[in-house]
Amino acid sequence: HNVKFSSPVTDAIGNIRSSVGEGDNMVSFATLDGMLKMYHGDEELWSFPLDNPIFALVKTDIDNDDTDEVVACSWDGLTFFVDNNKNCVRFKFEASVPIRAFCAGQYAMNASINKPALVYVTFSGDVVIFYNVQLTSLGVQTLDDYSLDLSDICEDTDMTSKHRAKIIQHLLKS
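Predicted, not measured: the structure shown is a model, and the values here were computed from it.

Draft legend 1. Structural view of the overall build of the protein. If you tally the helices and strands in the protein, you get 2 helices and 11 strands. What you see in the protein, going N to C, is helices and strands ordered as β-β-β-β-β-β-β-β-β-β-β-α-α. Considering the protein as a whole, with its 174 residues, one finds that 34% of them fall into the buried category. For the protein, the exposed surface amounts to about 10,400 Å²; the carbon and sulfur share of it is 50%.

Structure (structure tokens):
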């Protein structure tokens with residue numbers, strides 16, 4: 001790849017499986033300034049600023065959709081799961097000392113069943129394994145995803161449209 005970065009690259013991962021079958025040329029890079037980038041060949045598909053500098057970058061299918069999510073981990077345990085569409089979920093692994101090593105992938109507790117797992121190693125020598133970690137989706141659910149018309153809730157004829165709007169706005173905040 002002929003790509004230039006404004007900050008040092010801390011990790012890279014390739015052969016990322018995507019829903020469009022471009023896995024052979026999909027590559028993700030993490031930079032010291034906390035930027036996560038996805039490329040197909042030399043073309044930048046997206047760039048995603050993360051909260052912290054990233055030291056470990058891996059790929060795994062965490063939501064069982066037959067595509068890889070990029071999993072990025074910072075020294076303080078902040079872990080990001082980013083899919084090919086740039087949807088992101090973050091998890092904070094609480095540790096009293098910085099993270100020394102991180103990996104994620106499909107691992108088995110017995111000889112026959114691989115499940116998604118996260119493995120953290122701290123500078124104090126603790127090894128913490130989260131086994132059978134599964135997310136149903138990384139995408140955001142909106143009210144459009146549900147067949148609920150909030151205006152039907154407020155069909156009282158004594159209510160003004162201003163009052164209806166306030167109730168709907170309150171429900172949306174809940």
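Draft legend 2. Summary view of the pattern of salt bridges. Here the structure, examined in full by the defined rule, presents 3 salt bridges. The residue Asp-68 makes a salt bridge to Arg-17 at a minimum N-O spacing of 3.1 Å. Of this pair, Asp-68 sits in the loop between β5 (54-60) and β6 (69-74) while Arg-17 is found in the loop between β1 (9-13) and β2 (26-31), placing the two residues 51 residues apart along the sequence. Exposure remark for Asp-68: the relative accessible area of 6% places this residue in the buried category.

Draft legend 3. Seen up close, the side chain of Ser-28. Along the chain, Ser-28 falls in strand β2. For Ser-28, a relative accessible area of 0% corresponds to the buried category. Engagement of the side chain of Ser-28 in a polar contact is seen with the backbone oxygen of Lys-37, the distance being 3.0 Å. Those residues within four positions of Ser-28 in sequence are excluded, and the remaining contacts are Asp-11, Ala-12, Ile-13, Ile-16, Leu-36, Lys-37, Met-38, Leu-57 and Val-70.

Draft legend 4. Molecular detail of the packing of aromatic side chains. In the structure shown here, the tally under the stated rule is 8 aromatic pairs. For the ring pair Trp-46 and Phe-48, a centre distance of 6.5 Å and an interplane angle of 80 degrees mean the geometry is edge-to-face. Pair check on accessibility: Trp-46 and Phe-48 agree, each one buried. With a centroid separation of 5.9 Å and 85 degrees between ring planes, the pair formed by Phe-93 and Phe-130 is classed as edge-to-face. Placement of the pair is Phe-93 in the loop between β8 (88-92) and β9 (99-108) and Phe-130 in strand β11 (residues 127-131), with a sequence separation of 37 residues. A relative accessible area of 29% means that Phe-130 is categorised as partly exposed.

Draft legend 5. Inspection of the sheet that holds strand β3 (residues 35-40) at higher detail. Pairing within the open sheet is antiparallel, and its 4 strands lie in the order β1-β2-β3-β4. Because the sheet does not close on itself, it has two edges, and the strands there are β1 and β4 (43-49). The sheet shows a mean angle of 20 degrees between the axes of neighbouring strands, direction not considered. Where β1 and β2 come together, 4 bridges link them in antiparallel fashion. Within the sheet, the bridge partner assigned to Ile-13 lies in β2 and is Ser-28.

Draft legend 6. Broad picture of the confidence of the model for the protein. Across the protein, the average pLDDT comes to 79, with 74% of residues at 70 or higher. The least confident element of the protein, judged by mean pLDDT, is helix α1 (residues 150-153) at 47; the most confident is β6 at 93. A low-confidence stretch, residues 143-154 stays under pLDDT 50, and its non-local contacts, those more than four residues away or across chains, total 12 contacts.

Draft legend 7. Here's a closer look at the nonpolar core. Core analysis: the biggest nonpolar cluster contains 16 residues, and Leu-36, Leu-50, Leu-57 and Phe-80 have the highest contact counts within it. Counting residues per element, the ones that place at least two in this core are β2, β3, β4, β5, β6 and β7 (78-82). Per-element tally for this core: the top contributor is β7, with 3 residues. Setting aside residues no more than four positions away along its own chain, Leu-57 makes contact with Asp-11, Ala-12, Ile-13, Ser-28, Phe-29, Ala-30, Leu-36, Val-70, Val-71 and Ala-72. Within the second largest apolar cluster, 14 residues are counted, among which are Val-58, Ile-62, Phe-81 and Ile-99.

Parameters at a glance
- Numbers given for residues are sequential positions, taken from 1 along each chain in its written order.
- Whole-chain, interface and lining totals are the exception, using all residues; otherwise, since this is a predicted model, local features are given only for residues with pLDDT of at least 70 and side-chain atom pairs are given and counted only at 80 or more.
- Side-chain numbers come from the whole structure's heavy atoms, not from hydrogens or water.
- Every helix listed is a DSSP run of H or I at least four residues long, and every strand listed is a run of E at least two residues long, numbered separately from the N terminus.
- For every residue, the accessible area obtained with a 1.4 Å probe (protein chains only) is divided by the maximum for its type, and the residue is called buried under 20%, exposed over 50%, and partly exposed between those limits.
- Surface exposure here means Shrake-Rupley accessible area, sampled with a 1.4 Å probe, where a residue is shielded only by the protein chains that are shown.
- For this document, the term salt bridge refers to a Lys or Arg side-chain nitrogen within 4 Å of an Asp or Glu carboxyl oxygen.
- Here a polar contact means two N or O atoms within 3.5 Å. Within protein one must be a hydrogen donor candidate and the other an acceptor candidate, and residues neighboring in sequence count only if both atoms are side-chain atoms.
- We call two residues in contact whenever any of their non-hydrogen atoms come within 4.5 Å of each other.
- Each pair of aromatic rings taken from Phe, Tyr and Trp, with Trp reduced to its six-membered ring, is defined by centres within 6.5 Å and is described as stacked if the planes are under 30 degrees apart, edge-to-face if over 60, and tilted in the remaining cases.
- Should DSSP find at least two bridges between two strands, the strands are taken to pair.
- Only the stretch in contact is used when fitting a helix axis, every axis being a line fitted to C-alpha atoms; angles between N-to-C directions are given from 0 to 180 degrees.
- Confidence scores per residue from the predictor, reported as pLDDT, run from 0 to 100.
- Among the buried residues, those of types Ala, Val, Leu, Ile, Met, Phe, Trp, Tyr and Cys that are joined through side-chain atoms within 4.5 Å form a nonpolar core.

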